[in-house]
Amino acid sequence: MLEGQCFCGIVKYRYHGEIEKTIICYCKDCQMAQGSIFGWNSPLQKSKFEISSGIKFLKEYFHSPNKVRVFCQECASPIYSYRVDLPEIIRLRLGTVTSGKLPAPTEQAYSQYKPSFLKICI
Ligand SMILES: [Zn+2]
Ligand SMILES: [Zn+2]
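Residues numbered from 1 in each chain as written. Chains lettered and ligands numbered in written order. Predicted model: local features only at pLDDT ≥ 70, side-chain atom pairs only at ≥ 80, totals over all residues. Heavy atoms only, no water.

Engineer: I'm lost on the UniProt feature "domain: CENP-V/GFA" (unreviewed entry) in the chain in this one. Help?
Structural biologist: Here the UniProt feature "domain: CENP-V/GFA" (unreviewed entry) sits at residues 2-114. Its end C-alpha atoms 29 Å apart, residues 2-114 is made of 6% helix and 50% strand. (UniProt positions renumbered as here; feature names shortened; annotations may be inferred. Helix = DSSP H or I, 4+ residues; strand = E, 2+ residues; numbered from the N terminus.)

Engineer: How do you make sense of the coordination of the zinc ion (ligand 1) when you look at a structure like this?
Structural biologist: Six octahedral donors around a metal ideally make angles of 90 or 180 degrees; four tetrahedral donors ideally make 109.5 degrees. C6 (SG), C8 (SG), C72 (SG) and C75 (SG) make up the full set of protein donors to the zinc ion (ligand 1), lying at 2.3 to 2.4 Å. Bound by four donor atoms, the zinc ion (ligand 1) shows angles of 103 to 117° at the metal and therefore tetrahedral coordination geometry. Expressed as a motif, the donor residue spacing for the zinc ion (ligand 1) is C-x1-C-x63-C-x2-C. Residue C8 is found in the loop between β1 (2-5) and β2 (12-15), and its partner C72 is found in strand β7 (residues 67-72); the two are separated by 64 residues along the sequence. Note on C8: relative accessible area 36%, which makes it partly exposed. Using a relative accessible area of 0% as the deciding quantity, one classes C72 as buried. (Donors = N, O, S within 2.8 Å, 3.2 Å for Na, K, Ca; no water. Tetrahedral: all angles 85-135°; square planar, octahedral: opposite > 155°, others 65-115°. Buried < 20%, exposed > 50% of the residue type's maximum accessible area, 1.4 Å probe, protein only.)

See the structure below:
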């Protein structure tokens, strides 16, 4: 099992499963949404994901009609995203995980936007 929360702690979640795969994404959307060099995400089964507190503080931002980013509206922590046409899979923002095992990333997406000073061995 995995547990996590937003920055202010109002929103807490549990994942009743194991994380098998993590991905680093350098696309401009991830960079802008995280305010950082990359997003570190994992695709998870929505059915095993539970918001254990603060669900009413979650806000959905429709970046496009099909792509939704879900964040804490109190502290603005990104929590997960999903596609409207694939609602059973969520992409958890792994910087919000507080306990549980996180495997090293096995994939880098949109490496053309990776800054040249960053050295990551995958
Ligand atoms: Zn928060
Ligand atoms: Zn991305």
